Amino acid sequence: MKYQISPSLMCMNLMDIKQQLAVLNRRADMLHIDIMDGHYVKNITLSPFFIEQIRPHTPLVLDVHLMVESPTDFIEPIARAGADFICPHAETINRDAFRVINQIRSLGKKVGVVLNPATPVEFIRHYIHLLDKITVMTVDPGYAGQPFIPEMLEKIRQLSELKRQHNFSYLIEIDGSCNQRTYRDLMNAGAEVLIVGSSGLFNLDADLDAAWDKMLDQMRQAA
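The sections below set out a description of the structure shown in this document.

About the cut-offs
In every chain, residue numbers begin from 1 and rise along the written sequence. Only residues with pLDDT of at least 70 are given local features in this predicted model, and only at 80 or more are side-chain atom pairs given and counted; all residues enter the totals for whole chains, interfaces and linings. Hydrogens and water are ignored here; the side-chain numbers use all heavy atoms of the structure. We count a stretch as a helix when DSSP gives it H or I for four or more residues in a row; a strand needs E for two or more, and each element gets its number in order from the N terminus. Buried means the residue's accessible area, taken with a 1.4 Å probe over protein chains only, is under 20% of the maximum for its type, while exposed means over 50%, and partly exposed covers the values in between. Residue contacts are counted whenever heavy atoms from the two residues lie within 4.5 Å of one another. Being paired, for any two strands, means DSSP has found at least two bridges between them. Note on definitions: angles span 0 to 180 degrees between N-to-C directions of axes, and those axes are lines fitted to C-alpha atoms, for helices only across the stretch in contact. We call a crossover right-handed when, viewed with both strands directed away from the observer, the connection leading from the first strand over the helix to the second proceeds clockwise. Aromatic pairing here means that ring centres of Phe, Tyr or Trp (its six-membered ring) are within 6.5 Å. Orientation follows from the plane angle: under 30 degrees is stacked, over 60 is edge-to-face, and everything else is tilted. Any Lys NZ or Arg CZ that is within 6 Å of a ring centre and within 35 degrees of that ring's normal is treated as a charge sitting over the ring. Every case where a carboxyl oxygen of Asp or Glu lies within 4 Å of a side-chain nitrogen of Lys or Arg is listed as a salt bridge. By definition here, a helix of n residues has an expected span of 1.5 Å times n minus one. As used here, the arc is the angular range of directions from the helix axis to the C-beta atoms. Polar contact criterion, stated in full: a pair of N or O atoms within 3.5 Å, where within protein one must be able to donate a hydrogen and the other to accept it, and residues adjacent in sequence count only if both atoms are side-chain atoms. This count recognises Lys and Arg as positive and Asp and Glu as negative, with His and chain-terminal groups excluded.

### Examining the side chain of Thr135
Here is step 1 of the chain: You can see Thr135 is positioned in strand S6 (residues 133-137).
Here is step 2 of the chain: Note on Thr135: relative accessible area 2%, which makes it buried.
Here is step 3 of the chain: Discounting chain neighbours no more than four positions away, the residues touching Thr135 are Val113, Val114, Leu115, Glu173 and Asp175.

### Re the sheet that holds strand S2 (residues 30-36)
Here is step 1 of the chain: Strand order across the open sheet formed by 8 strands is S1-S8-S7-S6-S5-S4-S3-S2, with parallel pairing between neighbours. The open sheet has two edge strands, strand S1 (4-7) and S2, and neither has a second partner. Sheet twist, expressed as the mean angle between neighbouring strand axes with direction ignored, is 25°.
Here is step 2 of the chain: Docked against the sheet, helix H6 (residues 152-166) engages strand S5 (110-115), S6 and strand S7 (171-175), running at close to 165° with respect to S6.
Here is step 3 of the chain: On top of the sheet, helix H9 (residues 208-222) reaches S1 and strand S8 (193-196); it is set at about 140° to S1, its chief contact.

### Looking at the pairing of S8
Here is step 1 of the chain: With burial as the criterion, each face of S8 is covered, one bearing Val193 and Ile195 and the other bearing Leu194 and Val196.
Here is step 2 of the chain: With 4 bridges connecting them, S1 and S8 associate as parallel partners. Bridged to Ser6 within S8 is Ile195.
Here is step 3 of the chain: As judged from the 3 bridges shared by S7 and S8, these two strands associate in the parallel manner. Looking at the pairing, Ile174 lines up with Leu194 of S8.
Here is step 4 of the chain: At this point the chain moves from S7, through helix H7 (residues 183-189), to the parallel S8, and the crossover so formed is right-handed.

### Considering the packing of aromatic side chains
Here is step 1 of the chain: What the rule picks out here adds up to 2 aromatic pairs.
Here is step 2 of the chain: The interplanar angle of 35° and the centroid separation of 5.7 Å between the aromatic rings of Phe168 and Tyr170 together place this pair among those described as tilted. We note that Phe168, like Tyr170, is buried.
Here is step 3 of the chain: Stacked on the ring of Phe85, the Lys or Arg Lys133 has its end atom at 5.0 Å from the ring centre.

### Some words on the pattern of salt bridges
Here is step 1 of the chain: Under the defined criterion, the tally for this structure stands at 15 salt bridges.
Here is step 2 of the chain: The partner of Arg27 in a salt bridge is Asp209, with the nearest N and O atoms 3.0 Å apart. With Arg27 in helix H1 (residues 17-27) and Asp209 in helix H9, this pair connects stretches of sequence that are 182 residues apart.
Here is step 3 of the chain: Looking at Arg27, the relative accessible area reads 24%, which means it is partly exposed.
Here is step 4 of the chain: Across the pair Lys133 and Asp63 runs a salt bridge, and its minimum N-O distance is 3.0 Å.

### Quick word on the environment of Met36
Here is step 1 of the chain: Following the sequence through the fold, Met36 ends up in strand S2.
Here is step 2 of the chain: Between the C-alpha atom of Met36 and that of Val68, which follows or precedes it by 32 residues, the distance is 5.5 Å.

### Here's the deal with H9
Here is step 1 of the chain: For H9, with 15 residues, the first-to-last C-alpha span of 21 Å sits near the 21 Å given by 1.5 Å per residue.
Here is step 2 of the chain: Residues Leu208, Ala211, Trp212, Met215, Gln218, Met219 and Ala222 constitute the buried set of H9. Buried residues in H9, looked at end-on, bunch into an arc of 120°, giving them a common side. Summarising the geometry of H9, the exposed residues directed more than 90 degrees from the buried face are Arg220 and Gln221.
Here is step 3 of the chain: Buried residues along H9 sit in contact with S1, H1, H7, S8 and helix H8 (198-202).
Here is step 4 of the chain: For H9, the N-terminal cap is Asp207; the gap from its side-chain oxygen to the backbone nitrogen of Asp209 is 3.2 Å.

### Some details on the side chain of Lys155
Here is step 1 of the chain: Within the element layout of this structure, Lys155 appears in helix H6.
Here is step 2 of the chain: Glu91 provides the closest opposite charge to the buried, unpaired Lys155, separated from it by 7.1 Å.
Here is step 3 of the chain: Sequence-distant contacts of Lys155, defined by excluding residues within four places in its chain, comprise Leu115, Asn116, Pro117, Thr119, Val121 and Val136.

As structure tokens, then:
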């Protein structure tokens, strides 16, 4: 199975963004963009303006992760800026999940939902069939470099089995500590998209091409 690789742009060297984007454009499957509002999580990262700025410089799918308290405030600006996937946290939309899903679809975008470590799959069971992607957080959200939570492997297996049983089409994506220590377990559990950040890609080598080659070697060894 080919695993899709989605580098997390909050972990890249923003002082060297043009050169790093040129490498990622040749090698990545999609790009992961975290938007945090300082309320849902105690951090602030990228923005709709960042998406607008890089959109003309990459042909890749832009996958936007909304770590915000009010995702409906961001959906239209993010869609206009050029996002392809829009992925709010289930905890922030379940009061009006169907309306939010319909809003994202009406803008011509794909719909993802993100599950925090303590949020069960049951939380999204009434609309799981409508999703294009489900992101399993394997760390608590908000900061890079946190330790992997091994209990999430069972959640990944559950989503993989549900997908097989019901012929669902969602992608199973993993966000948090995707690296040499976790690749084998994640792949065996059913992961399909791996978000790579500091430990999985950007800190492996100062040269991003060399870092990418090291990452692929680690994945091949794990497979």
